[in-house]
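# A look at the structure
Read off the chains here:
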Amino acid sequence: MVKVKILFYSAFGHVWRMAEAVAQGAREESVDVQLFQVPELLSDQALQKSGSRAARLQFASIPIATEDDLRDADAIIVGSPTRFGNMCAQMRNFLDGTSRLWLSGALVGCVGAAFTCSATQHGGQEVTLQSIHASLLHHGMVLCGLPFTEEKLLTTSEISGGCPLGPTSIAGPDGTREPSPAELALCASLGRRVAALTKQLRA
Ligand SMILES: Cc1cc2nc3c(=O)[nH]c(=O)nc-3n(C[C@H](O)[C@H](O)[C@H](O)COP(=O)(O)O)c2cc1C
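Residues numbered from 1 in each chain as written. Predicted model: local features only at pLDDT ≥ 70, side-chain atom pairs only at ≥ 80, totals over all residues.

Here is the rule: UniProt positions are given in the numbering used here, feature names are shortened, and annotations may be inferred rather than shown by experiment.
Identification of the chain as p-benzoquinone reductase from Paratrimastix pyriformis is taken from an unreviewed UniProt entry. Here the chain is described in UniProt, under the heading Sequence similarities (unreviewed entry), as follows: "Belongs to the WrbA family."

Here's what the structure looks like:
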């Protein structure tokens, strides 16, 4: 069965919620879906101070990925919060630890995609997605995004994340805005698209 792996980091839960929606969409295509978070780099004390320790408890049961967990993936979908207009250090650190996969060409031809969340509407979402895409392309992966045939990409009546590079969400300056139904629908759509494309490539 086609294996779709979803890899994410989340400090306050927004990217985790998006990851669950991506997974739900992929499962609709009857593929094997696994969710992983990447290792934390901050101390418990630092997490406590930032207020993210409690939020992270909500998804503490999701396994922490190792490089080997990706070896048999047919598709990898990566989610990271936007940090200073880029992916977060935890995701960068994890991807930097995938040299053995790169050296063996294990991910060449694997399907890849990305999603992100930022505090502000123009806080660097597309640059973050591109930074993830660049790493996936270095592994020889085939990228999947969201076409403008996605109805929710053209929603004009509400402020919403999402772009052709992938699903996005806006947490708001104080982090209280949750991913909206339209944004989660785009996450699910990406999951479905990646799963369907991977099945076609593997057939
Ligand atoms: C160190 C740091 C840097 C950040 N940089 C940006 C940024 O460049 N643009 C932006 O809009 N939001 C920025 N944010 C806000 C995060 O993107 C936001 O907290 C995150 O998307 C929430 O996702 P999460 O709940 O999954 O952690 C930053 C947050 C932190 C802690």
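There's plenty left to go through after this.
## Thoughts on the overall build of the chain
Condition: The helix count covers DSSP runs of H or I at least four residues long, the strand count covers runs of E at least two residues long, and both are numbered beginning at the N terminus. For this measure, only C-alpha atoms enter the radius of gyration; the expected value for a globule follows 2.2 Å times N^0.38, where N is the number of residues. Here the C-beta atoms are placed from the backbone, and a residue counts as buried if at least 20 other C-beta atoms lie within 10 Å of its own, exposed if 12 or fewer do, and partly exposed otherwise.
For the chain, the count of helices and strands is 7 helices and 6 strands. Ordered by position from N to C terminus, the α and β elements of the chain give β-α-β-α-α-β-α-α-β-α-β-β-α. Taken over the C-alpha trace, the chain has a radius of gyration of 16 Å; the compact-globule value for 203 residues is 17 Å, and the two agree within 12%. Along the longest, intermediate and shortest principal axes, the C-alpha atoms of the chain span 45 × 40 × 25 Å. In the chain, which comprises 203 residues, the share counted as buried stands at 44%.

## Focus: helix 6 (residues 125-138)
We apply this condition: Here a helix's expected span is defined as the number of its residues, less one, multiplied by 1.5 Å. For this quantity, the arc is that covered by the directions from the helix axis to the C-beta atoms. Whether two residues are in contact is decided by their C-beta atoms, placed from the backbone, lying within 7 Å.
End to end, helix 6 covers 20 Å across 14 residues, agreeing with the expected 20 Å (1.5 Å per residue, within 8%). Along helix 6, the positions that sit buried rather than exposed are Q125, T128, L129, S131, I132 and L136. Along the axis of helix 6, the buried residues cluster in a sector spanning 155°; they form a single face. Counted as exposed and oriented over 90 degrees from the buried face of helix 6: A134 and H138. Those residues of helix 6 that are buried are in contact with strand 3 (75-81), strand 4 (111-118), strand 5 (142-143) and strand 6 (168-170). Just downstream of helix 6 lies G140, where phi reads positive at about 85°.

## Concerning the packing of helix 1 (residues 14-27) against helix 7 (residues 181-202)
Packed helix pairs are characterised by how far apart their axes lie and by the angle those axes make with each other. Test applied: The axes used here are C-alpha line fits, helices contributing only the stretch in contact, and every angle between their N-to-C directions lies in the interval 0 to 180 degrees. Reported orientations rely on four angle classes, namely roughly parallel under 35 degrees, roughly antiparallel over 145, roughly perpendicular from 65 to 115, and oblique for the rest. Whether a crossing is left-handed or right-handed is set by the direction in which the near helix is turned from the far one by less than a right angle, anticlockwise for left-handed and clockwise for right-handed. Residues are grouped as follows: Ala, Val, Leu, Ile, Met, Phe, Trp, Tyr, Cys and Pro are nonpolar; Asp, Glu, Lys and Arg are charged; every other residue, Gly included, is polar.
Interhelical geometry of helix 1 versus helix 7 gives an angle of 45° and a closest axis separation of 6 Å. With respect to each other, helix 1 and helix 7 are oriented oblique. The chirality of how helix 1 crosses helix 7 is right-handed. The segment helix 1 lies against helix 7, with M18, A21, V22, A23, Q24, G25 and A26 engaging L184, C187, A188, S189, L190, G191, R192, V194 and A195. Of the residues assigned to the contact of helix 1 with helix 7, the class counts are 11 nonpolar, 4 polar and 1 charged.

## Structural notes on the nonpolar core
Under the convention used in this document: The nonpolar core criterion groups buried Ala, Val, Leu, Ile, Met, Phe, Trp, Tyr and Cys residues into a set whenever they are joined through C-beta atoms within 7 Å.
By size, the foremost hydrophobic cluster in this structure holds 55 residues, and its most contacted members are V4, I6, V22, I77 and V194. Those elements that provide at least two residues to this core are strand 1 (3-8), helix 1, strand 2 (32-37), strand 3, helix 4 (89-96), strand 4, helix 6 and helix 7. With 9 residues, the single largest contributor to this core is helix 7. Discounting residues that sit within four places of it in the chain, V194 has contacts with V4, A26, A75, I77, V111, A113 and C144.

## Section: helix 1
For helix 1, with 14 residues, the first-to-last C-alpha span of 20 Å sits near the 20 Å given by 1.5 Å per residue. Counting buried residues in helix 1 gives 12 out of 14 residues, a clear majority hidden from the surface. Turning to helix 1, its buried residues are H14, V15, W16, R17, M18, A19, E20, A21, V22, A23, G25 and A26. Taken together, the buried residues of helix 1 touch strand 1, strand 2, strand 3, strand 4, strand 6 and helix 7.

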